[in-house]
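Observations on chain architecture
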Amino acid sequence: VGPKLFQYVLKVLVQSVQLLYTLLRIDQPSYILLQNPPGLPSIAVAWVAGLCWGSKLILDWHNYGYTIMSLSHGRSHPLVLIAKWYEKLFGRLADYNLCVTDAMKKDLWVNFKIKAVTLYDKPASYFKETPLELQHKLYMKLAKDYEPFKPRAGSPSADRSAFTHRDGTSGSVVKSRGRPALLISSTSWTEDEDFSVLLRALEDYERFIKEGAKLPALVCVITGKGPLKDYYNGLIQKLHLKHIQICTPWLEAEDYPLLLGSADLGVCLHKSSSGLDLPMKVVDMFGCCLPVCAIHFECLHELVKHNENGLIFRDSKELAEQLKMLFLDFTTSEGKLHSFRENLRASRQLRWDQSWDQTVLPLLGNKE
């Protein structure tokens, strides 16, 4: 009830009381670790709770809340300016600050005079390459609900998917000849990811095939939920693609890493609102040794090494050309996709718990 600003202020006040009440009922912690964003009102509430307990507050900066607000309100909106002041104030009041890129570490110091330690996002241990047997089980499960995973016309079988089948002689799972390539992207369907870039690239890919390019059919899976999903589903339905199938499933938590570990290529359209954070979806894809095509922004090079573990593009035309180049020989060991995957396997990147032990525990004096 009332003006929007009044509703917003009232919501923040109610949430503050609820959160503080909930926090003060738990056992006293030595540290409060809080990810920002979202930080309004949780940073202030956590700081007050820390004062009551004598606990230390650790802020984990994954982005800036005020830059996300500016996507819908504009940089000069009073709420955005208040949010910026708020983050600056409580960032200085925190006992420790972590951030996800060296670029953000520099920005926090230059603009906020906040000293932070870089703790790169790392994949959890369950993000890894999926064995062929598990791939087949996943495809068969998804085929019950999603048409692109069902075997193509002319090859019906009780134990066959669009990508794999069980050999009748040996009983082992094999990849089907002439199988489509599997491309996956994940999103929260928000303003900082323009999926029309991918849709236009897929239209160009379809045109390449019609013009005679020896490219495989393509299954494009876009996972996630969010406010713009219906809008983009409407755009997808208007496409007339013969060689490309697109589906937007909501996967069970245990199926998402399995699908990443089964795919041929990942696509990331995340454009940071601040230009200073890195997309967690790419971190998870790399954990599964899945090469990536990612849209360019300022500090992406801290994660995606162009032409080493993936490719960076700036628009739909460039993405379409990259898809054409990568999928021309995607099933052979001579192709770029194979070399990218080998580079990811060889990199042996740290997992989340190892990274935490190396970076954060020394900061806390190894007390925990």
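Residues numbered from 1 in each chain as written. Predicted model: local features only at pLDDT ≥ 70, side-chain atom pairs only at ≥ 80, totals over all residues. Heavy atoms only, no water.

Going by what an unreviewed UniProt entry lists, the protein chain is known as Chitobiosyldiphosphodolichol beta-mannosyltransferase and is assigned to Aegithalos caudatus. Here the protein chain is described in UniProt, under the heading Subcellular location (unreviewed entry), as follows: "Endoplasmic reticulum membrane". (UniProt positions renumbered as here; feature names shortened; annotations may be inferred.)

**Considering the nonpolar core**
Ranked by internal contacts, the top residues of the largest apolar core, which has 66 residues, are W61, L108, F149 and L259. Each of domain 1 (3-122 + 354-365) and domain 2 (132-347) contributes no fewer than three residues to this core. With residues near it in sequence (within four places) discarded, L259 still touches L138, L142, F149, L182, I184, V221 and L251. In terms of nonpolar packing, the next biggest core, distinct from the first, is built from 37 residues, A181, Y205, L269 and A320 among them. (Core = buried A, V, L, I, M, F, W, Y, C linked by side-chain atoms within 4.5 Å. Buried < 20%, exposed > 50% of the residue type's maximum accessible area, 1.4 Å probe, protein only. Domains from an automatic or database assignment. Contact = heavy atoms within 4.5 Å.)

**Some remarks on the domain arrangement of the protein chain**
One can read the domain layout of the protein chain as domain 1 (3-122 + 354-365) and domain 2 (132-347). Its C-alpha centre places domain 1 at a distance of 34 Å from the equivalent point of domain 2. Taken together, the contact pairs 16 residues of domain 1 with 11 residues of domain 2. Interface of domain 1 and domain 2: buried area, both sides summed, is about 1100 Å²; carbon and sulfur atoms make up 62% of it. For the interface between domain 1 and domain 2, the tally reads zero salt bridges. In this assembly, domain 1 and domain 2 are joined by seven residue pairs in polar contact (both at pLDDT 80 or more). Taken together, the elements giving at least two residues each to the side of domain 1 that touches domain 2 come down to α3 (65-73) and α5 (102-112). Among the residues forming the side of domain 1 that touches domain 2, the class breakdown is seven nonpolar, four polar and five charged. (Buried area = accessible area lost by both parts, 1.4 Å probe. Salt bridge = Lys/Arg side-chain N within 4 Å of Asp/Glu carboxyl O. Polar contact = N/O pair within 3.5 Å; in protein donor to acceptor, adjacent residues only side chain to side chain. Helix = DSSP H or I, 4+ residues; strand = E, 2+ residues; numbered from the N terminus. Nonpolar A, V, L, I, M, F, W, Y, C, P; charged D, E, K, R; others polar.)

**Here's the deal with the packing of helix α11 (residues 316-327) against helix α12 (residues 336-347)**
It is at 7 Å that the axes of α11 and α12 come closest, and there the two elements cross at 90°. Relative to α12, the element α11 lies roughly perpendicular. Between α11, through M325, L326 and F327, and α12, the contact on the second element is made entirely by K336, L337 and F340. Considering only residue class, the contact of α11 with α12 consists of five nonpolar, no polar and one charged. (Axes fitted to C-alpha atoms, helices over the stretch in contact; angles between N-to-C directions. Parallel < 35°, antiparallel > 145°, perpendicular 65-115°, else oblique.)

**Regarding the packing of aromatic side chains**
One pass over the full model with this rule turns up 19 aromatic pairs. Judged by centre distance (6.5 Å) and plane angle (50°), the rings of Y31 and Y96 are tilted. Of this pair, Y31 sits in strand β1 (residues 31-36) while Y96 sits in strand β3 (residues 96-99), and the two are 65 residues apart along the sequence. A relative accessible area of 19% means that Y96 is categorised as buried. For K113, the ring lying beneath its charged end belongs to W109, and the centroid distance is 5.9 Å. If you follow K225 out to its NZ or CZ, it ends over the ring of W250, 4.9 Å from the centre. (Phe/Tyr/Trp six-rings, centres within 6.5 Å; stacked < 30°, edge-to-face > 60°. Lys NZ or Arg CZ within 6 Å of the ring centre and 35° of its normal.)

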